[in-house]
Amino acid sequence: MSAPPEDAAPAAVTQLLIDWKSGDKAALDLLTPLVYQELHRLADRYLRSERDMATLQPTALVHEAYLRLVSQKLPDWESRAHFFGVAAHLMRQVLVDQVRKRRSAKRGSGAEKLSLDEIVSFAPARGRDLEALDDALNSLARQDARKAKIIELRFFGGFSLDETALALDISMATVGREQRLAEAWLHREISRIPTT
Amino acid sequence: MDPQRWQKVEALFNEALELPAPQRKAWLGRACAADLDLLNEVESLLDSDSQGAGEIIVSQVQHAVVALHTNEDSTVEGRRIGPYSLVRELGRGGMGAVYLASRADEQYESQVAIKLVKPGLDTEFILKRFRRERQILARLQHPNIARLLDGGTTPENVPYLVMEYIDGAWITKHAEALNLTTEDRLRLFLPVLSAVQYAHRNLIVHRDIKPGNILIDHAGAPKLLDFGISKLLLAETRESSETQSIGMLTPDYASPEQILGETIRIASDIYSLGAVLYELLSGSKPHQIDQITPLALQRAICTEETLPPSAAASRTNRALPKRLAGDPDIIILRAMQKDPDRRYESVEAFAEDIRRHLDHRPILARPDSLFYRIAKFTRRNRVAVAFGALAVGAMITGTIISVRQARLAQQRFDQVRKLATTIVFDVERSIRELPGSLSARQLLAKNGIEYLDNLARSSANDWELKRQLAGAYLRMGEVQGGSVNGNLGNPTAAQASLQRAQTLLDDVVKHDPANRDAQLERLMVVTRLSNIQRQTGARAASLATVELGLRDADALVARLPNDMEAVEFSVVFHLDRARLRQLASDLPGAANDTAAAQTLLKRMVAADPDRREVHSNLAAAYARMGAIQSQLGALDKAIANYRSGVAELEAQVVRFPDREHAKRELLLAYAHVGDVLGNPAFDNLGDTAGAIDAYRCMVALAEEVYRADTANARALSDLGIALLRLGSLLPDPEKRPVLARSVELLSVVVSRNPKDLASLTHKAWAESELAATYRAPAERGNARKGFEASIASAERALLLDPKDAMTQTRLIRSSLGLTQELLHLGDRPAALAVQEKIIAFTQTAPANPPAKSILAQQVIARAWEATGLIYAQIASMERGALRDSDRQTALAAHRKADAIFKNTAALPGFNGQHRRFMEANAKELAELEKLP
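Rules used in this analysis
- Residues numbered from 1 in each chain as written.
- Chains lettered and ligands numbered in written order.
- Predicted model: local features only at pLDDT ≥ 70, side-chain atom pairs only at ≥ 80, totals over all residues.
- Heavy atoms only, no water.
- Helix = DSSP H or I, 4+ residues; strand = E, 2+ residues; numbered from the N terminus.
- Buried < 20%, exposed > 50% of the residue type's maximum accessible area, 1.4 Å probe, protein only.
- Contact = heavy atoms within 4.5 Å.
- Areas by Shrake-Rupley, 256 points an atom, 1.4 Å probe, with all protein chains shown as cover.
- Pairing = 2+ DSSP bridges.
- Axes fitted to C-alpha atoms, helices over the stretch in contact; angles between N-to-C directions.
- Core = buried A, V, L, I, M, F, W, Y, C linked by side-chain atoms within 4.5 Å.
- Salt bridge = Lys/Arg side-chain N within 4 Å of Asp/Glu carboxyl O.
- Parallel < 35°, antiparallel > 145°, perpendicular 65-115°, else oblique.
- Left-handed = near helix turned anticlockwise from the far one by under 90°.
- Nonpolar A, V, L, I, M, F, W, Y, C, P; charged D, E, K, R; others polar.
- Phe/Tyr/Trp six-rings, centres within 6.5 Å; stacked < 30°, edge-to-face > 60°.
- Lys NZ or Arg CZ within 6 Å of the ring centre and 35° of its normal.
- pLDDT = per-residue confidence, 0-100.
- Expected span 1.5 Å × (residues − 1).

1. Some points on the overall build of chain B
What chain B contains, in helices and strands, is 39 helices and eleven strands. Buried positions account for 54% of the 932 residues belonging to chain B. When contacts within chain B are restricted to residue pairs at least 6 apart in sequence, long-range pairs at least 24 apart make up 62% of them. Total accessible area on chain B stands at roughly 41,500 Å², and carbon and sulfur atoms take up 53% of it.

Following this line, the structure appears as structure tokens:
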């Protein structure tokens, strides 16, 4: 694994963003792993620090990644919005990956003899919630891609109502309305009794 | 779903949300016409929306972020906790993690296990459990129980336990690895029993016995670990709710009562020990559990017959079944009986049978007899009712057929009748508490009645039988629509059943007027009947029934003046009539009845000072009288009654310390005293200092209740409400922190349960009180935010109950506050927008409560008044024509308010508070009219 792009990155990332915006689809493929890596690294660092987690938001990570990866000022808001759009999506992946990793670690070989304090709860584990949310978001995207995007931007990317409206080129009222329906839809999906 | 249909769903969803919540369903039904799928789709989305979908999703994302943090496996090494330094993680569970640690400040090697609460999950509940575990463990000193060495709190305030480190294998794995014989396994198990028995003698139930908690150390001795969810037996009887709320346990070894959330006792550990022994001897778990869902668990553990260990062993080993058949089967199945009363009565008896078996002496447990097997059919089905009434129905049909044959034989008549009443009464009582048992109960009552009817026809003059029949109808009525434990909501059928019971008992009483028991039963039927009538809105019928009951109860009291049960009925009827009269605005009549009930209750207290129900009825009578008198405007009398209530309840709290409810009633009584003495939100006596004193008592008590059980959401909400009342009356510098804490606590309550209407309404109130404290120029932003928060809370509360006048008023007052703040910032359009919203609101919302009621009218008047105030304020900031037109608008609004206020003056219930509102508006109006 290569070292985190501490210094070299900002210029590169900024250039990739500009390329992507001007139509270079391949730029996104190069951009994605950089952002993903950075988000992961930041998440890891947070894990090790003594900071009060209650105050940590996904938004904070996304923004910090932005500050580290992108040179001081991007030419326009649109490019920034692009970046955050990508980061929101990746943030979602980081979180879901993390949850999956932990679950499979639990199932793994050493687990049994560790169960000194194993308590099985009736309530589904927290991690399951996020996986369920992730699955539901994927189904929503198949039904109505824009609504799924709204949720991703708002909850994983920390977009405000007006930023979301700007990024998707719709009115704020539409964002509000669609977000509400999307939330109701997602909540309904994840509250269904699991059949597995 | 195809895109067109999805668009339709979206459009309907959005349109429905424009409507007030209660109108949505009906509108949607019309809009979807015959398209049921569409209706279901949109309705389920609206339901989901109303459950706070957005917040739930946000919290899931939050949890995932927190979970990132807790994944810190590689970082623990070398971390210091007290004098210990962590070596590695041993395991983690629902509430914490266990680490291997060594004592850092000593020369010799000393390893311990340290248990820590999982970061990010340190809710009060878990902290409490942790502290309890520490206390419990500290009391246990037994060679087969892992010792508690130390305990404390990390600098981050995370409690930890230091325990003896047992480097060993699970008992089951140990036995397997060494390929122990059945005898060896039984001998290995005896010290485990001795450890649990020792804990039981110390009144401690383990609650979570499983192979993972029984480790075999290097010396080959079993050690019992983890009293994490055990609990003092003594405390058990007091707080039964917690046993049900925990819901964390290991299902393979959990007893049926644990699965059903019933009270856990010694017998539950005996079951779990049986389950562990089952696995230890047979190599199989006792149940095939493929899913951890409540339903699957109930089926596997509570309903399905446990396979004898010998049969389970046949899957794996050929010689074993023969070894286990006989004594081991009997011993294990005795320990694992579904009915706790049929298990070994103690761990000692369990151990004794194992010893007898090892010594080749006869064991004491017996296999189930044929008779017992038949009886068990009933019992098993009693549990099965949670899944459906069919089996129960079949059982009863069976008995009816056999009963019909038996009827021919007169000598068996009584015997059969006894069976029938057993089915109706005992079985019904025993399944009453089971969730989902309603249809089974109804079937039981129905079949029982059918059957008793048949018997009654064949012996018309059997008065005793008539009484029993009436009893069956009473049960039937309760199931159909009574007030006990959930009902089927068929009040018409319930009334018919109760009337049938009443007619039968009328006959019995006519035949034998001296039969006191029959008369009391009849009065019981009459109270139930009047309750159902009142609940269905048939108030006149209910009043007639109550008066009939009151007359008969008084006649009985006249005949048996010292029969306190008869007196109690008279009290109940008086209080019922008081309630009906209060509802019908006959306040003097209600006051008379309450006074009569108070007199009788004092007699009852004198006759038997130890009956706590009488005390609680007396406190309730004082509270009712206080409410009636304050509605009458007789505030002096109201305060006297509320104070008597406080005195009564203060005595009760001391006298019956385990009656938790008394503390809450006392809390309300303090609130009432303070409200009447000097809370400007209510009609009051103007004694602010007295009110503050009362509220201080309220806060102190609420604080005490909350400290005693920090997981109790109700206590948290009560504390928030108490702080609000105190804070709203305190003078300026003191009030802000009190109100801020109130808002904080109520926010926690509401975020846990978004449907808690009372907390939401009080939160809205507290937020606006807090907002009003920000008056300095630099703080105005806080004021605005506070009013906005209050409006949002009030709007959410109104979604839950659009009729609530207190919330409506709050919405109007907070909107007024917000508009004033907006005007202060010079944002006239925004201020007017808020104001327009309020006018629109008053035109639609208050149509919901009885529009003529004084509350509804006052809400409307105060909205107009608020409008007037706003426009007057705007006018003062404008010039010329704009100013004149604003002033005209203000005048019109105040006049409108004035007219409505004046109308309310003629309505019943108009009190000093209402008058003060009216006069305040009149004053504003006069000021405006004076201007050129």
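Read on for the rest.
2. Observations regarding the overall build of chain A
Each helix and strand counted, chain A has eight helices and zero strands in total. For chain A, the sequential pattern of α-helices and β-strands runs α-α-α-α-α-α-α-α. Counting over 196 residues, chain A shows a buried share of 43%. Intrachain contacts of chain A at a sequence separation of at least 6 include 67% that bridge at least 24 residues. Surface summary for chain A: the accessible area is close to 10,000 Å², and the carbon and sulfur share equals 54%.

3. Focus on the sheet that holds strand β7 (residues 169-170) of chain B
Note on sheets: strands pair through backbone hydrogen bonds, and any given pair is parallel or antiparallel. All names here are of chain B. Taken in spatial order, the three strands make up an open sheet running β7-β9-β10, and their pairing is antiparallel. Each having just a single partner strand, β7 and β10 (222-224) make up the two edges of the open sheet. Where strand β9 (residues 214-216) lies against β10, three bridges are found, and the strand directions are antiparallel. Paired with Ile 216 across the two strands is Pro 222, which belongs to β10. Those strands touched by helix α7 (residues 182-201) are β9 and β10, and its axis lies near 30° from that of β10.

4. Some points on the nonpolar core
Residues and elements named next belong to chain A. Counting 58 residues, the largest nonpolar core has Leu 39, Phe 83, Phe 156 and Leu 186 as its most contacted members. Looking at this core element by element, the count peaks at ten residues for helix α4 (residues 77-107). Not counting residues up to four positions away in its chain, the partners in contact with Phe 83 are Val 13, Leu 17, Val 35, Val 62, Ala 65, Tyr 66, Leu 69 and Val 70.

5. A few points about the environment of Leu770(B)
Residues and elements named next belong to chain B. Structurally, Leu 770 can be placed in helix α33 (residues 757-772). Relative accessible area serves as the criterion here: at 12%, Leu 770 is assigned to the buried category. Residues Leu 770 and Arg 741 lie 29 residues apart in sequence; the distance between their C-alpha atoms is 9.9 Å. Discounting residues that sit within four places of it in the chain, Leu 770 has contacts with Arg 736, Leu 739, Ala 740 and Val 743.

6. A few points about the pattern of salt bridges
Residues and elements named next belong to chain B. Considering all chains together, one arrives at 50 salt bridges over all chains under this definition. Residue Asp 593 is joined to Arg 581 by a salt bridge in which the shortest nitrogen-to-oxygen separation is 2.9 Å. Of this pair, Asp 593 sits in helix α26 (residues 587-607) while Arg 581 sits in helix α25 (residues 564-583), and the two are twelve residues apart along the sequence. Among the ionic contacts, a cluster of salt bridges with common partners joins Glu 348, Glu 352, Arg 355, Arg 356, Asp 359 and Arg 361.

7. Considering the packing of helix α24 (residues 539-559) of chain B against α25(B)
Residues and elements named next belong to chain B. Look at α24 against α25: their axes get within 9 Å of each other, and the N-to-C directions meet at 155°. On the basis of their axis angle, the class for α24 and α25 is roughly antiparallel. Judged by the twist between their axes, the crossing of α24 over α25 is left-handed. In contact with Arg 539, Ser 542, Leu 543, Val 546, Glu 547, Gly 549, Leu 550, Ala 553, Asp 554, Leu 556 and Val 557 of α24, α25 contributes Ala 566, Val 567, Phe 569, Ser 570, Phe 573, His 574, Asp 576, Arg 577, Leu 580, Arg 581 and Leu 583. In the contact of α24 with α25, the residues fall into twelve nonpolar, four polar and six charged.

8. As for the packing of aromatic side chains
Residues and elements named next belong to chain B. Evaluated as defined, the whole model comprises four aromatic pairs over all chains. The cationic tip of Lys 173 hangs over the ring face of Trp 170; the distance from NZ or CZ to the ring centre is 4.1 Å. A cation over a ring is seen here: Arg 862 above Phe 917, with NZ or CZ 3.7 Å from the ring centre.

9. What to know about the confidence of the model for chain A
Residues and elements named next belong to chain A. Across chain A, the average pLDDT comes to 70, with 64% of residues at or above 70. Long-range and interchain partners of residues 1-8, a stretch whose pLDDT sits below 50, account for eleven contacts in this model, where long-range means more than four residues apart. Low pLDDT, under 50, characterises residues 107-127; the stretch is placed with 47 contacts to residues that sit more than four places away or in other chains.

10. What about the environment of Gln98(A)?
All names here are of chain A. Mapped onto the fold, Gln 98 is located in helix α4. Accessibility expressed as a relative area gives 4% for Gln 98, which makes it buried. A C-alpha to C-alpha distance of 9.4 Å links Gln 98 and His 40, two positions 58 residues apart in sequence.

11. Re the packing of helix α1 (residues 3-18) of chain B against helix α2 (residues 21-32) of chain B
Residue and element names in this part refer to chain B. Axis separation between α1 and α2 bottoms out at 9 Å; the angle between their running directions is 145°. As α1 runs across α2, the sense of the crossing is right-handed. Together, Leu 12, Glu 15, Ala 16 and Leu 17 of α1 and Arg 24, Trp 27, Leu 28, Ala 31 and Cys 32 of α2 make up the contact between the two elements. Along the lines of polarity and charge, the residues of the contact of α1 with α2 split into seven nonpolar, no polar and two charged.

12. What about unusual backbone geometry?
Residue and element names in this part refer to chain B. Residues other than glycine seldom take positive phi values, yet Arg 207 does so here, at roughly 80°. Its place among the elements puts Arg 207 in the loop between β8 (204-205) and β9. If you check the backbone angles, His 360 has positive phi at about 60° while not being a glycine. Its relative accessible area of 72% is what places His 360 among the exposed residues.

13. Some details on helix α16 (residues 347-358) of chain B
Residue and element names in this part refer to chain B. With twelve residues, α16 ought to run about 16 Å at 1.5 Å a step, and its terminal C-alpha atoms sit 17 Å apart, in line with that. Of the positions making up α16, those classed as buried are Val 347, Ala 349, Phe 350, Ala 351, Asp 353, Ile 354, Arg 356, His 357 and Leu 358. Packing partners of the buried residues in α16 comprise α7, α11 (266-282), α14 (320-324) and α15 (327-335). Following α16 by one or two positions, His 360 has its phi on the positive side, about 60°.

14. Brief notes about the side chain of Ser272(B)
All names here are of chain B. By the element assignment, Ser 272 lies in helix α11. On the basis of relative accessible area, Ser 272 is assigned to the buried category, the value being 2%. Once residues within four sequence positions are removed from consideration, Ser 272 is found in contact with Ile 209, Tyr 253, Ala 254 and Gln 258.

15. Some remarks on the side chain of Arg577(B)
Residues and elements named next belong to chain B. Its place among the elements puts Arg 577 in helix α25. For Arg 577, a relative accessible area of 14% corresponds to the buried category. When near neighbours in sequence (up to four residues on either side) are disregarded, Arg 577 contacts Leu 543, Val 546, Glu 547, Leu 550 and Asp 593.

16. Overview of the confidence of the model for chain B
Residue and element names in this part refer to chain B. Chain-level statistics for chain B give a pLDDT mean of 78 and a share of 76% at 70 or above. Note on residues 71-75: pLDDT is under 50 here. Beyond four places in sequence and across chains, it has eight contacts. In this model, residues 433-437 is a region of pLDDT below 50 whose contacts with residues beyond four sequence positions or in other chains number eleven contacts.

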